[in-house]
Amino acid sequence: ETGVTQTPRHLVMGMTNKKSLKCEQHLGHNAMYWYKQSAKKPLELMFVYNFKEQTENNSVPSRFSPECPNSSHLFLHLHTLQPEDSALYLCASSQETGYWGAFFGQGTRLTVV
Amino acid sequence: GIQVEQSPPDLILQEGANSTLRCNFSDSVNNLQWFHQNPWGQLINLFYIPSGTKQNGRLSATTVATERYSLLYISSSQTTDSGVYFCAATNQAGTALIFGKGTTLSVSS
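Let me sum up the structure you'll find in this document. Keep in mind that what you see is a predicted model, and the values were worked out from it rather than measured. Each residue is numbered by its place in its chain's sequence as written, counting from 1. As they are written, the chains are lettered A onward and the ligands numbered 1 onward, keeping that order. Where local features are concerned, this predicted model is filtered to residues with pLDDT of at least 70; where side-chain atom pairs are given and counted, the filter is 80 or more; whole-chain, interface and lining totals use all residues. Hydrogens are left out, water is left out, and the side-chain values use all remaining heavy atoms of the structure.

Turning our attention to the layout of surface pockets. With a 1 Å grid spanning the protein atoms alone, the term cavity applies to any set of points in which a 1.4 Å probe fits but cannot get out, the term pocket to an open set with protein on both sides within 12 Å along at least five of seven lines, and the term lining residue to any residue with an atom within 4 Å of a point. Grid points are joined across faces, edges and corners, and a volume is the space filled by probe spheres set on the points. In this structure, the largest pocket occupies an estimated 570 Å³ of space. Lining the largest pocket are 22 residues, and of these Q37 and K40 of chain A together with Q37, V84 and T104 of chain B sit closest to its centre. A total of three residues in the lining of the largest pocket trace back to one element, the largest contributor, which is strand β9 (residues 83-90) of chain B. Considering only residue class, the lining of the largest pocket consists of eight nonpolar, nine polar and five charged. One number sums up the size of the second largest pocket: a volume of about 180 Å³. Surrounding the second largest pocket, K36, E44, L45, M46, N58, S59, V60, P61, R63, F64 and D85 of chain A form its lining. Runs of E in the DSSP output that reach at least two residues are strands. Runs of H or I that reach at least four are helices, and both are numbered from the N terminus. It is strand β5 (residues 44-50) of chain A that contributes the most residues to the lining of the second largest pocket, three residues altogether. Asp, Glu, Lys and Arg are counted as charged, while Ala, Val, Leu, Ile, Met, Phe, Trp, Tyr, Cys and Pro are counted as nonpolar; the rest, among them Gly, fall into the polar class. The residue makeup of the lining of the second largest pocket, split by class, is five nonpolar, two polar and four charged.

All names here are of chain A. Strands are treated as partners if at least two bridges between them are detected by DSSP. Reading across from one edge, β1-β3-β8-β7 is the order of the four strands in this open sheet, with antiparallel pairing throughout. Strands with a single pairing partner mark the edges of an open sheet, and in this sheet they are β1 (4-7) and β7 (64-70). Taking each pair of neighbouring strands and ignoring which way they run, the sheet shows an average axis angle of 20 degrees. Both β7 and strand β8 (residues 73-79) contribute to a ladder of five bridges, which runs antiparallel. When the sheet's bridge partners are listed, N70 is paired in β8 with H73. Working convention: axes come from line fits to C-alpha atoms, limited for helices to the stretch in contact. Angles between N-to-C directions cover 0 to 180 degrees.

Two rings from Phe, Tyr or Trp (for Trp, the six-membered ring) form a pair when their centres sit within 6.5 Å of each other. Planes less than 30 degrees apart are called stacked, planes more than 60 degrees apart edge-to-face, and all others tilted. Under the definition given, this model contains seven aromatic pairs over all chains. Arranged with centres 5.7 Å apart and planes meeting at 50 degrees, the rings of Y35 of chain A and F104 of chain A form a pair that is tilted. Of the two residues, Y35 of chain A is situated in strand β4 (residues 31-37) and F104 of chain A in strand β10 (residues 103-104); the sequence distance between them amounts to 69 residues. Arranged with centres 5.4 Å apart and planes meeting at 85 degrees, the rings of F104 of chain A and F35 of chain B form a pair that is edge-to-face. Here F104 of chain A, found in strand β10, pairs with F35 of chain B, found in strand β4 (residues 30-37), and the two come from separate chains. By the burial criterion, F104 of chain A is buried, and F35 of chain B matches it. Its guanidinium or amino end placed over the ring of Y69 of chain B, R22 of chain B lies 4.3 Å from that ring's centre, counting from NZ or CZ. Exposure is judged per residue with a 1.4 Å probe applied to protein chains only, and the accessible area is read against the type maximum: over 50% gives exposed, under 20% gives buried, and values in between give partly exposed. Charge-over-ring placement is defined geometrically: NZ (Lys) or CZ (Arg) within 6 Å of the ring centre, and within 35 degrees of the ring normal.

Attention shifts here to the sheet that holds strand β3 (residues 19-25) of chain B. All names here are of chain B. The five strands are arranged β1-β3-β8-β7-β6 in an open sheet whose pairing can be described as antiparallel. The sheet terminates laterally at β1 (4-7) and β6 (52-56), the two strands that pair on one side only. Strand-to-strand twist in this sheet, taken as the mean axis angle between neighbours without regard to direction, amounts to 15 degrees. Of the strand pairs in this sheet, β3 and strand β8 (residues 69-74) are connected by six bridges, and their pairing is antiparallel. Across the sheet, residue S19 finds its bridge partner in β8, namely I74.

Contacts are assigned to residue pairs with any non-hydrogen atoms lying within 4.5 Å of each other. Tallying the contact residues gives 20 residues for chain B and 20 residues for chain A. Taking both partners together, chain B and chain A bury about 1,600 Å²; carbon and sulfur atoms supply 56% of that area. For this document, the term salt bridge refers to a Lys or Arg side-chain nitrogen within 4 Å of an Asp or Glu carboxyl oxygen. Across the contact surface, chain B and chain A share zero salt bridges. Polar contact criterion, stated in full: a pair of N or O atoms within 3.5 Å, where within protein one must be able to donate a hydrogen and the other to accept it, and residues adjacent in sequence count only if both atoms are side-chain atoms. Inspection of the region where chain B meets chain A yields five residue pairs in polar contact (both at pLDDT 80 or more). Elements represented by at least two residues in the side of chain B that touches chain A include exactly β4, β5 (43-48), β9 and β10 (97-99) of chain B. Taken together, the residues of the side of chain B that touches chain A sort by class into nine nonpolar, ten polar and one charged. Simply put, the buried area is the total loss of 1.4 Å probe accessible area from both parts when two parts are fitted together.

Written out as structure tokens, the structure reads:
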């Protein structure tokens, strides 16, 4: 248990569906991140939020839409995804955006059919 | 930009063996860290080690920043050590944590 909780753990969705991934941390951290982990590839940074403000969007397609209503919660809204978007989506948090002592959630295994 | 390269890509050990994992990084980095991802996908932060040596039980890590490499030592390996070990570092602006491709470790009893 790292203090970062992601739900759901597994998700299967069709290409026309809309779904959301949720991440929650109660570590008092100010920075939260979304990463994508595909098979045989390094973890790819998607979004960075610092004090609820988005500070980094790593050229992510608009079918992925992040939302950070407060420093403890982070969402990733999904719509009209493609099969190649199937991956493990990991949320992380750290005290500041320097990534020192980053904690990761257990991830959401997403399958797009 | 920063590149993080890990070796070996795969490692198979018998329980009780020792191993050394290596991470080379291409430019000045900050916040060099080692993570372990278990078979269920959970990433655990093992060490924050921008320089020097740290030890935690059977694991230890050494970073020689001037020579741009870091080593993770696993002694007396156990089956629970299996998983993927990642090295990661931030760019100088601190805006991105760049991961290597990982070393997949399999420890058999």
